[in-house]
Amino acid sequence: MKKAIATIAIAGAATAASADFLSDLSIAGTFDYESSYIYRGAKLAQASFQPSVDFGYSVLGGDLYAGVWTNQPISGGANEIDFYTGYAYPVTDIFTVDAGFTYYWYPEAFGAGAINQTREIFIGASADVLLSPAVYVYYDFDLEQTVVEFSIGYSLDLGEYVGTEGLSFDTGAYLGILNANSYNAGMNAPKLGNGYTYGGITADLVYAFNENVSSSVGVRWSVNNDGDSQTGGVNPATGNFYGVGPANLAGAESQIWFGATLGFAY
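Novice: Describe the nonpolar core, listing the residues and the values that go with them.
Specialist: The tendency in soluble globular proteins is for nonpolar side chains to be buried as a group. If you look at the biggest cluster of nonpolar residues, it comprises 19 residues, and the most contacted ones within it are Tyr37 and Leu178. Elements with a contribution of two residues or more to this core: strand 2 (37-39), strand 3 (42-45), strand 5 (62-73), strand 9 (134-140), strand 11 (167-183) and strand 12 (192-208).

Novice: So, a nonpolar patch on the surface: which residues are in play, and what are the values?
Specialist: A contiguous nonpolar surface patch, about 930 Å² in accessible area, is contributed by Leu130, Leu131, Ile152, Tyr154, Leu156, Tyr161, Val162, Phe169, Leu205 and Val217. Going through the elements one at a time, strand 10 (145-157) and helix 2 (159-162) are the ones with two or more residues in the nonpolar patch. Counting residues per element, the nonpolar patch draws most heavily on strand 10, at 3 residues. Along the chain, leucine 130 turns up in the loop between strand 8 (117-127) and strand 9.

Novice: Can you explain the pattern of salt bridges? Please cite residues and give values.
Specialist: In total, this model carries 4 salt bridges according to the counting rule given. For arginine 220, the salt bridge goes to glutamate 34, with nearest N and O atoms at 3.1 Å. Residue arginine 220 is located in strand 13 (residues 213-224), and its partner glutamate 34 is located in strand 1 (residues 25-34); the two are separated by 186 residues in the primary sequence. Residue arginine 220 shares its accessibility class with glutamate 34, and that shared class is buried. Its salt-bridge partner being glutamate 120, residue arginine 40 comes within 3.0 Å of it at the nearest N-O pair.

Novice: Account for the environment of tyrosine 266, with residues named and values stated.
Specialist: Among the structural elements, tyrosine 266 can be located in the segment after strand 16 (254-265). Judged by its relative accessible area of 57%, tyrosine 266 is exposed. For tyrosine 266 and asparagine 212, which are 54 residues apart along the polypeptide, the C-alpha to C-alpha distance reads 6.0 Å. When residues no more than four places from it in sequence are discounted, the contact partners of tyrosine 266 are Leu25, Ser26, Ile27, Asn212 and Val213.

Novice: Report on the packing of aromatic side chains, specifying residues and quantitative values.
Specialist: As enumerated under the stated definition, the model contains 17 aromatic pairs in all. Judged by centre distance (6.4 Å) and plane angle (45°), the ring pair of tyrosine 37 and tyrosine 39 falls under tilted. Just as tyrosine 37 is buried, tyrosine 39 falls in that class too. Feature note: the residues Phe31, Tyr33, Phe49 and Phe258 constitute an aromatic cluster, connected by ring pairs.

Calculation criteria
- Residues numbered from 1 in each chain as written.
- Predicted model: local features only at pLDDT ≥ 70, side-chain atom pairs only at ≥ 80, totals over all residues.
- Heavy atoms only, no water.
- Core = buried A, V, L, I, M, F, W, Y, C linked by side-chain atoms within 4.5 Å.
- Buried < 20%, exposed > 50% of the residue type's maximum accessible area, 1.4 Å probe, protein only.
- Helix = DSSP H or I, 4+ residues; strand = E, 2+ residues; numbered from the N terminus.
- Patch = residues over 30% accessible without salt bridge, like charges linked within 9 Å, V, L, I, M, F, W, Y side chains within 5 Å.
- Areas by Shrake-Rupley, 256 points an atom, 1.4 Å probe, with all protein chains shown as cover.
- Salt bridge = Lys/Arg side-chain N within 4 Å of Asp/Glu carboxyl O.
- Contact = heavy atoms within 4.5 Å.
- Phe/Tyr/Trp six-rings, centres within 6.5 Å; stacked < 30°, edge-to-face > 60°.

If you want it as structure tokens, here you go:
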């Protein structure tokens, strides 16, 4: 009888511990479609699907997270898989600091000098005030590349205007400065330097079906002043060559495209 009681007590404690663990665990994911894949002002692929999944867990008052994001082109461009992890901590009721690591993997990178993996660290801060301003600094060890990016965003609740609860209009803007001090253009090639400034605007109509599932559709615009990206050569954002493969993805300096998202969060 005592053994039975002890067994029940242990099982109950394990169940309670499991419940406590799950209560602090969050899971989110998206399935995106983008008519172009633009990264830091550079076009890397044509129309693509971009699924992702993210896990978060409350630790010491902050949020420890990890996830995977991937770009799967429908037409031109190579696929990409990014693994990331980080820790976000609210310093005050307004300011949050965030730091982490991203591993970029390009499994289909090909051509002389193509780079199929890079490693990047990042640190940033955001403020929970009007326009939600944020600034992040990134450093890629393999590309020897530094990026500083500023962003703002705003969400307008449309429900009270059109009578549809859960409908909003979300906008954002960003400005980045990229400096590839010394990325590799091939194993035996000399190292080259390059840098440019990029920026963009996003606008999405978002509908939340409930607190866990939402969808959006919108338009994006991006611009950069990297003249070299129009004539081929090495893309400083990834270290890979433009003009290699079935399509030259150098693109134009100013680009407009659209996207749609189905997301969930628990």
